[in-house]
Amino acid sequence: MSWSMGEVCGMSGVTSRTLRHYHHVGLLLPESTGAGGLRRYGERELRRLQRILVMRELGLGLADIRRVLESEQDEAAALRQHLHDLEAERDRLSVLVDTVRRTVDTLEGNDVTSRPEELFEGFDTAHYSERAREEWPEQWQRAREAGDAITPAEAERMRAEAAEGMGRMAAFLRAGTPVGAAPVQAEVEWHYRQICLMWTPDAGAFAHLGRVYAEDGPWREVYERVAPGLADYQREAMEVFAEHRLGESS
């Protein structure tokens, strides 16, 4: 049994332009091509398209997908691995959904958040750690050693304090307080001193850390759960602190 390009587009949601591109780059060849270039796809091609779409959802680029498909021999084993990856991503997103739901309830006055550090559930710091290791190896090593010495109870307390600090910054944001105002800068100084418990950033590193908070990724998600726009507000406040407080002593 085979299906036309239009039928495949209808059942998969993929556009005909995308299917033609996949054909052009050798990623998904049709089962046959008839008169006038009409493409038809069989069950084998539909399964391959499914795998392509799964890997796209997992964030792989077309070149990487092609290498994966060309290197695999056992289709069932490959699908089991894709299933495992999807289940892991589902579980991670489930935690994030519950976390955001609790935050929304809190902001709307239906406070069901028993611990403020729940903001960080589902938070993945792995890629931040790797970047820090490459960019600031000495500071990364000191931070890692300090982190290894922290007990679970201390880690929970620090997460709770960080969440409370975000809440105070969110209050300034909602009130329209300028980032250079003394109360905001005092809050940023508190944040700086908390960081210094692990490592001591100079002006450039502290400003860069603020930009990391605001870039797309887990940190921005956490700040935006507390208040929309908070990640950029935090970044701007940290840049002011770095320039006017840390810059003076560097």
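Residues numbered from 1 in each chain as written. Predicted model: local features only at pLDDT ≥ 70, side-chain atom pairs only at ≥ 80, totals over all residues. Heavy atoms only, no water.

## Some thoughts on the packing of aromatic side chains
Put simply, the rule reads: Two rings belonging to Phe, Tyr or Trp (six-membered ring only in the last case) form a pair when the distance between their centres is within 6.5 Å. Interplanar angles under 30 degrees mark stacking, angles over 60 mark edge-to-face geometry, and anything in between is tilted. A run of H or I in DSSP counts as a helix once it spans at least four residues, and a run of E counts as a strand once it spans at least two, with each numbered from the N terminus. When accessible area is computed with a 1.4 Å probe and restricted to protein chains, residues below 20% of their type maximum are described as buried, those above 50% as exposed, and intermediate ones as partly exposed.
The final tally for this structure, using the stated rule, is six aromatic pairs. Here Tyr192 and Phe241 contribute two aromatic rings whose centre-to-centre distance is 5.7 Å and whose plane-to-plane angle is 45°, an arrangement assigned as tilted. In this pair, Tyr192 sits in helix 9 (residues 182-195) while Phe241 sits in helix 12 (residues 230-249), placing the two residues 49 residues apart along the sequence. The class of Tyr192 is buried, set by a relative accessible area of 13%. Note on Phe206 and Phe241: the rings are 5.6 Å apart at their centroids and 65° apart in plane angle, and the pair reads as edge-to-face. Note that Phe206 is positioned in helix 10 (residues 203-214) and Phe241 in helix 12, a separation of 35 residues in sequence. The exposure class assigned to Phe206 is buried, which follows from its relative accessible area of 0%.

## With respect to the sheet that holds strand 3 (residues 39-42)
Formally: The pairing criterion for strands is at least two bridges between them, as found by DSSP. When checking whether two residues touch, look at their non-hydrogen atoms; a contact exists if any pair is within 4.5 Å. Helix axes are fitted to C-alpha atoms over the stretch in contact, other axes to C-alpha atoms as well, and angles between N-to-C directions run from 0 to 180 degrees.
Read across the sheet, three strands follow the order 1-3-2 without closing on themselves; strand pairing throughout is antiparallel. Of all the strands in the sheet, just strand 1 (2-4) and strand 2 (32-33) have a single pairing partner and so form its edges. The strands touched by helix 3 (residues 43-57) are strand 1 and strand 3; relative to strand 3, the strand with the most contacts, the crossing angle is about 85°.

## Some details on the confidence of the model for the chain
Any residue range with low pLDDT should be treated as having predicted coordinates unsuitable for detailed reading. Selection criterion: Confidence of the predictor at the level of single residues is captured by pLDDT, which takes values from 0 to 100.
Averaged over the chain, the pLDDT score is 78; the fraction of residues at 70 or greater is 71%. The spread of mean pLDDT over the elements of the chain runs between helix 6 (residues 126-135), the lowest at 55, and strand 3, the highest at 92. Contacts from residues 110-114, a stretch scored under 50 in pLDDT, to residues over four places away or in other chains number 10 contacts.

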